[in-house]
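Results of the structural survey
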Amino acid sequence: MYSSLEIPSELLAQYQAELEGTSPHGSPLNAAAGTSVRRPHNSQLASNAIRKRTRTLSGKAKPYKQLDIRIPLDASFESVKVNLWEVARGLISHWSHLKDEDFQVKQYSGGLTNKLFKVTADVCGEQQVILIRVYGDKTGKMLDRESEIVVIQELHRQGMSARFYGTYANGCAYGHVEGRPLSVHDLWGDKEISDKIAMHVGRWHAVVQVPQLDQQPNLWRTINKWISIVPEDYSHLDAEQSAQLRALKIDIKQEAAFLESELMKINSPIYFCHSDLNPGNIILSPDGGSIMLIDHEYACYNYRGFDLGNHFCEYITFDIDLSKYPARATQLAFLRTYLRTYYHHYNNTTTTTGESEVEVSEEEVEVVYREANKYALASHLFWGVWGLAQSGQVSIEFDYFTYGYRRLAAYLHLRDTFLAL
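Parameters at a glance
Residues numbered from 1 in each chain as written. Predicted model: local features only at pLDDT ≥ 70, side-chain atom pairs only at ≥ 80, totals over all residues. Heavy atoms only, no water. Pairing = 2+ DSSP bridges. Helix = DSSP H or I, 4+ residues; strand = E, 2+ residues; numbered from the N terminus. Contact = heavy atoms within 4.5 Å. Axes fitted to C-alpha atoms, helices over the stretch in contact; angles between N-to-C directions. Buried < 20%, exposed > 50% of the residue type's maximum accessible area, 1.4 Å probe, protein only. Arc of directions from axis to C-beta. Core = buried A, V, L, I, M, F, W, Y, C linked by side-chain atoms within 4.5 Å. 1 Å grid on protein atoms, 1.4 Å probe; cavity = no way out; pocket = protein on both sides within 12 Å on 5 of 7 lines; lining within 4 Å. Points joined across faces, edges and corners; volume = space filled by probe spheres on them. Salt bridge = Lys/Arg side-chain N within 4 Å of Asp/Glu carboxyl O. pLDDT = per-residue confidence, 0-100. Expected span 1.5 Å × (residues − 1). Parallel < 35°, antiparallel > 145°, perpendicular 65-115°, else oblique. Left-handed = near helix turned anticlockwise from the far one by under 90°. Nonpolar A, V, L, I, M, F, W, Y, C, P; charged D, E, K, R; others polar.

Right, let's get into the sheet that holds strand β4 (residues 126-135). The mixed open sheet is built from six strands, whose spatial order is β1-β5-β6-β4-β3-β2. Of all strands in the sheet, those bounded by a partner on one side alone are β1 (65-66) and β2 (103-108). Bridge analysis of strand β3 (residues 114-123) against β4 gives ten bridges, and the strand direction is antiparallel. Note that in β4 the partner of Val123 across the bridge is Glu126. This element, helix α3 (residues 77-91), spans β1, β2, β3, β4, β5 (164-168) and β6 (171-175) of the sheet and lies at about 115° to β2. Strands in contact with helix α4 (residues 145-157) are β4 and β5; relative to β5, the strand with the most contacts, it is inclined by about 165°.

Right, let's get into helix α7 (residues 219-229). Regarding α7, the residues found buried are Leu219, Trp220, Thr222, Ile223, Trp226 and Ile227. The arc that holds the buried residues of α7, viewed along the axis, is 160°, so those residues lie on one side. In this fold, the buried residues of α7 make contact with α9 (252-263), β11 (300-303), α10 (304-313) and α12 (362-390).

Attention now goes to the sheet that holds strand β9 (residues 282-284). Taking strand neighbours across the sheet as the criterion, the three strands line up as β7-β9-β10 in an open arrangement whose pairing is antiparallel. The sheet is open, and its two edges are formed by β7 (180-181) and β10 (291-293), each paired on a single side. Pairing of β7 with β9, which is carried by two bridges, proceeds in the antiparallel orientation. Paired with Arg180 across the strands is Leu284, a residue of β9. Against the sheet, helix α6 (residues 191-207) engages β7, β9 and β10, with an angle of about 50° to β10.

We now examine the pairing of β5. Within β5, four of the five residues are buried, leaving the element largely enclosed by the surrounding structure. For β1 and β5, the ladder comprises two bridges, and the chain directions are parallel. Following the sheet pairing, Lys65 is matched in β5 by Gly166. By the bridge criterion, four bridges tie β5 to β6 in an arrangement that is antiparallel. Among the inter-strand pairings, Thr167 is bridged to a residue of β6, identified as Cys172. Taken together, β5 and the strand that follows it, β6, pair antiparallel across an intervening segment of two residues.

The next thing to look at is the nonpolar core. Ranked by internal contacts, the top residues of the largest apolar core, which has 92 residues, are Ile197, Leu219, Trp220, Leu245, Leu259, Phe272 and Trp386. Residue contributions to this core peak at 15 residues, all from α12. Residues contacting Leu245, with those up to four places away along its chain left out, are Tyr234, Leu237, Leu388, Phe401, Tyr405 and Leu408. Residues Trp85, Phe103, Ile130 and Tyr168 belong to the second largest nonpolar core, which totals 23 residues.

Phi at Cys124 takes a positive value of approximately 55°, unusual for a residue other than glycine. Tracing the sequence through the fold places Cys124 in the loop between β3 and β4. With a phi angle near 55°, Tyr234 is a residue other than glycine that sits in the positive phi range. For Tyr234, the location among the structural elements is in the loop between α7 and α8 (239-248).

As a further point, take the layout of surface pockets. The rolling of a water-molecule-sized probe over the atoms marks out the regions of remaining empty space. In this structure, the second largest pocket encloses a volume near 410 Å³. Lining the second largest pocket are 24 residues, and of these Asp144, Asn218, Thr222, Ala299 and Cys300 sit closest to its centre. If you list the elements that add at least two residues to the lining of the second largest pocket, you get α4, α7 and β11. In terms of residues, the lining of the second largest pocket owes the most to one element, α7, which gives five residues.

It is worth spelling out the pattern of salt bridges at this point. Tallied over the entire structure, the rule returns 19 salt bridges. As a salt-bridge pair, Glu262 and Lys265 come within 3.1 Å of each other at their nearest N and O atoms. Residue class for Glu262 comes out partly exposed when judged on its relative accessible area of 23%. We classify Lys265 as exposed; its relative accessible area is 61%. Measuring nitrogen to oxygen at the nearest pair gives 2.5 Å for the salt bridge that ties Glu366 to Arg328. Taken as a pair, Glu366 in helix α12 and Arg328 in helix α11 (residues 328-346) lie far apart in primary sequence, 38 residues in all. Since its relative accessible area comes to 6%, Arg328 is described here as buried. One salt-bridge network, in which partners are shared between bridges, spans Arg133, Arg145, Glu148 and Glu297.

Turning our attention to the confidence of the model for the protein chain. The predicted model of the protein chain averages 86 in pLDDT, with 83% of residues at 70 or higher. Note that residues 15-36 has pLDDT below 50 and, in this model, 38 contacts with residues that lie over four places away or in other chains. Per-residue pLDDT stays below 50 along residues 41-58; that stretch engages in 22 contacts with residues further than four places along the chain or on separate chains.

This paragraph deals with α11. Its 19 residues place the ends of α11 26 Å apart at the C-alpha level, agreeing with the 27 Å of an ideal helix rising 1.5 Å per residue. Count one or two residues on from α11 and you reach Asn348, which has phi positive near 55°.

Across the interface, α11 lies against α12 with an axial gap of 9 Å and an inter-helix angle of 110°. Regarding the angle of α11 to α12, the classification is roughly perpendicular. Remark: the crossing between α11 and α12 carries right-handed chirality. Residues Arg328, Gln331, Leu332, Leu335, Arg336, Leu339 and Tyr343 of α11 touch α12, and the partners they reach there are Glu362, Glu364, Val365, Glu366, Val368, Tyr369 and Asn373. Classifying every residue of the contact of α11 with α12 by side-chain character gives seven nonpolar, two polar and five charged.

Structure below.
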């Protein structure tokens, strides 16, 4: 691991080649001819974004069940199980008669803002499953839970999410997606899975709309909201953490304003984005033929570059191992598949023309490559501030400070190189 957050020399060579307008091998970057595909021009995308902002938006979820039950995060597992059974009976009407022995409960690991439980019920010999999420303490300050419910309901209507069942005092319940969550090892070594992710994200960006939500990009509003939660004197940190953070010499408010102004020059298209494309939120179907995205806490209208750049940042793991950041060739292959799929669905191509037949120019792939890597900086800043804001505030076992510190350190180390692409 690059503990000092030094970027590997071969990656620096790739970025330097970009600055000089050549490939990593020194040859000029040539644009390949593509087929005639209707593409939204940047000016059209900007115009669409302006029109979206003038729409009347309700932001209201459809009616759902709400229970007055609270599940303590610090309670024993046996105690939590009793509460989970009560929630399950209250939200699933045909489970109301079930006895305690009809339920099985499994806790999932890895949740950073909540605890997640799989509740299986034996209903007349049939195994039925829901997921019950317990929100982390004070995470309501960080996340818009009502908007998340709107998103889940609308995505379910569009066949892109499991069903939403309802809420209780500090959590919610929704359907279970069959399959296995990916791991970072799938990102590193499986081209077929990478292609599936690229195709799914391309389709998502092309077709998913959530008209109930404000359709302005949410990135900078969220970052600034989280910055306002972090005390300026870092009084929520212990002395060692505070000293470590001050040694970075970063003014996060000033840095956010600077990066926003730089990235606005790119004119990245605004789509409805998942905004947290980490492997644990990507479920591979049991037959391996398809994937589904879960956990829509951060889903919103956002910049295309952020969704793509943030996904590439997931390769470096929670340890922020920059040697794992995807190589140029890996990114270009992903983005080429992404763009083909996006245009396939954007143009509503008939089934006689497969997604692989839609060609994109290498010049266009290069443009999105630069965009994604510049927005990778926004990902580092986003999750860095997230870690600082959560530090000392959430009872879930995770070292929020160290994670946030490392993301901010990575941002500072890569900022000038990536912005110069």
